[in-house]
Amino acid sequence: MPSFDRLIGEFDRALRAVSGVARAARRSPAEGVPEAGLDAGERAHAAALMRVNHVGEVCAQALYQGQSLTARNKETKNKLQQAVREEEDHLAWSAERIRELGGAPSLLNPLWYAGAFAIGAAAGALGDRWNLAFLAETERQVEEHLSGHLAALPAQDRRTRAVVEAMRADEARHRATALGLGAAELPAPVSDAMRLASRVMTTVAYRI
Ligand SMILES: [Fe+2]
Ligand SMILES: [Fe+2]
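Note that this is a predicted model, so its numbers are computed, not measured.

Focus: the overall build of the protein chain
Along the protein chain, the regular secondary structure elements total eight helices and zero strands. Mapped from its N terminus to its C terminus, the protein chain presents α and β elements in the order α-α-α-α-α-α-α-α. Against the globule reference of 17 Å for 208 residues, the protein chain gives a C-alpha radius of gyration of 16 Å, in line with a compact fold. By principal-axis analysis of the C-alpha atoms, the protein chain measures approximately 50 × 40 × 30 Å. Buried residues in the protein chain amount to 48% of all 208 residues. Carbon together with sulfur atoms contributes 60% to the accessible area of the protein chain, which is approximately 9,900 Å² in total.

Overview of the side chain of D170
Topologically, D170 is positioned in helix 7 (residues 158-180). Reaching out from D170, the side chain makes a polar contact with the side chain of H90 at a distance of 2.7 Å. The contact partners of D170, leaving out residues within four places of it in the chain, are R26, E86, H90 and W93.

Focus: empty space enclosed by the protein
Within this structure, the stated rule accounts for one cavity of 30 Å³ or more. Roughly 50 Å³ of internal volume is contained in the largest cavity. In this structure, the largest cavity is lined by A60, L63, Y64, E87, L135, T138, E139 and V142. Residue assignment for the lining of the largest cavity shows that the elements contributing at least two residues are helix 2 (40-70) and helix 6 (128-152).

Some details on the coordination of the iron ion (ligand 2)
Coordination sphere of the iron ion (ligand 2), protein contribution only: E87 (OE), E139 (OE), E139 (OE), E171 (OE) and H174 (ND1), at 1.8 to 2.3 Å. The iron ion (ligand 1) is placed at 3.8 Å from the iron ion (ligand 2), the two being bridged by E87. Of this pair, E139 sits in helix 6 while H174 sits in helix 7, placing them 35 residues apart in sequence.

What to know about the confidence of the model for the protein chain
Within the protein chain, residue pLDDT values average 90, and 97% of them lie at 70 or more. Mean pLDDT values for the elements of the protein chain range from 72 in helix 1 (residues 4-19) up to 97 in helix 7.

Focus: the packing of aromatic side chains
Evaluated as defined, the whole model comprises one aromatic pair. Seen from their ring centres, Y113 and F117 are 6.4 Å apart, and the 10 degrees between their planes marks the pair as stacked. Of this pair, Y113 and F117 both sit in helix 5 (residues 109-125), four residues apart, roughly one helical turn. Residue Y113 is classed as buried on the basis of its relative accessible area of 8%.

Quick notes on the coordination of the iron ion (ligand 1)
Summarising the metal site, the iron ion (ligand 1) is bound by the protein donors E57 (OE), E57 (OE), E87 (OE), H90 (ND1) and E171 (OE), whose distances to it range over 2.0 to 2.3 Å. Between the donor residues of the iron ion (ligand 1), the gaps in sequence give the motif E-x29-E-x2-H-x80-E.

Points about the environment of A169
Checked against the element boundaries, A169 lands in helix 7. Using a relative accessible area of 45% as the deciding quantity, one classes A169 as partly exposed. Distance in space between the C-alpha atoms of A169 and L146 is 9.8 Å, their sequence separation being 23 residues.

Observations concerning the packing of helix 4 (residues 81-100) against helix 7
Axis separation between helix 4 and helix 7 bottoms out at 10 Å; the angle between their running directions is 165 degrees. With respect to helix 7, the axis of helix 4 lies roughly antiparallel. Where helix 4 crosses over helix 7, the two elements pack in a sense that is left-handed. Within the contact between the two elements, helix 4 uses A83, E86, E87, H90, W93, R97 and E100 and helix 7 uses R159, T160, V163, A166, M167, D170, E171, R173 and H174. Here the contact of helix 4 with helix 7 is composed, by residue class, of five nonpolar, three polar and eight charged.

What about helix 2?
Helix length check: helix 2 (31 residues) gives 45 Å between terminal C-alpha atoms against 45 Å at 1.5 Å per residue, within 8%. A large share of helix 2 lies buried, amounting to 23 of its 31 residues. Residue D39 occupies the N-cap position of helix 2, its side-chain oxygen lying 3.0 Å from the main-chain nitrogen of G41.

Rules and cut-offs
- Residues numbered from 1 in each chain as written.
- Chains lettered and ligands numbered in written order.
- Predicted model: local features only at pLDDT ≥ 70, side-chain atom pairs only at ≥ 80, totals over all residues.
- Heavy atoms only, no water.
- Helix = DSSP H or I, 4+ residues; strand = E, 2+ residues; numbered from the N terminus.
- Rg over C-alpha atoms; globule rule 2.2 N^0.38 Å.
- Buried < 20%, exposed > 50% of the residue type's maximum accessible area, 1.4 Å probe, protein only.
- Areas by Shrake-Rupley, 256 points an atom, 1.4 Å probe, with all protein chains shown as cover.
- Polar contact = N/O pair within 3.5 Å; in protein donor to acceptor, adjacent residues only side chain to side chain.
- Contact = heavy atoms within 4.5 Å.
- 1 Å grid on protein atoms, 1.4 Å probe; cavity = no way out; pocket = protein on both sides within 12 Å on 5 of 7 lines; lining within 4 Å.
- Points joined across faces, edges and corners; volume = space filled by probe spheres on them.
- Donors = N, O, S within 2.8 Å, 3.2 Å for Na, K, Ca; no water.
- pLDDT = per-residue confidence, 0-100.
- Phe/Tyr/Trp six-rings, centres within 6.5 Å; stacked < 30°, edge-to-face > 60°.
- Axes fitted to C-alpha atoms, helices over the stretch in contact; angles between N-to-C directions.
- Parallel < 35°, antiparallel > 145°, perpendicular 65-115°, else oblique.
- Left-handed = near helix turned anticlockwise from the far one by under 90°.
- Nonpolar A, V, L, I, M, F, W, Y, C, P; charged D, E, K, R; others polar.
- Expected span 1.5 Å × (residues − 1).

Here it is in structure tokens:
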């Protein structure tokens, strides 16, 4: 059972994730990249795509939190720390970029967070191998998503693209980490269900 201090720490993390107040340890990849001359429609589209990515990062916070609260193996937990820190960078970078583009984070963030946390904790209850399988599959789907967004973003919006590209590279590493720690292979119906859930999330988050 996690200690009281630990639970308070996790709660603080949750609040920061949901409210969009994240601290990045690394500089944003957008730093030094000039702002492109986007028209209003392009800006709104890029902001909406970044809102979707930000929701994905809110969910990643919740999943990793659920993972760490339920993980049995200390070594697994420690090895995932790096990924956890990088996810917090993603959260901060995407929130910053949404603001730069004149958009707002999703109003439904508390809901997304709660849903992902419940799923993460349920996966955690099945044991580390499944827990890791779930993380690996999540990272894979996020990576696919980000590739889709790179295709959908305005070509000249190099600032947004720099953030998305850096996040995608990190997610690929996170997936490799989870696999390296002994993730099981998720049954196809489970990954299909995850894909469906993420489609709902991305469709809604594009709008609100
Ligand atoms: Fe991420
Ligand atoms: Fe990740």
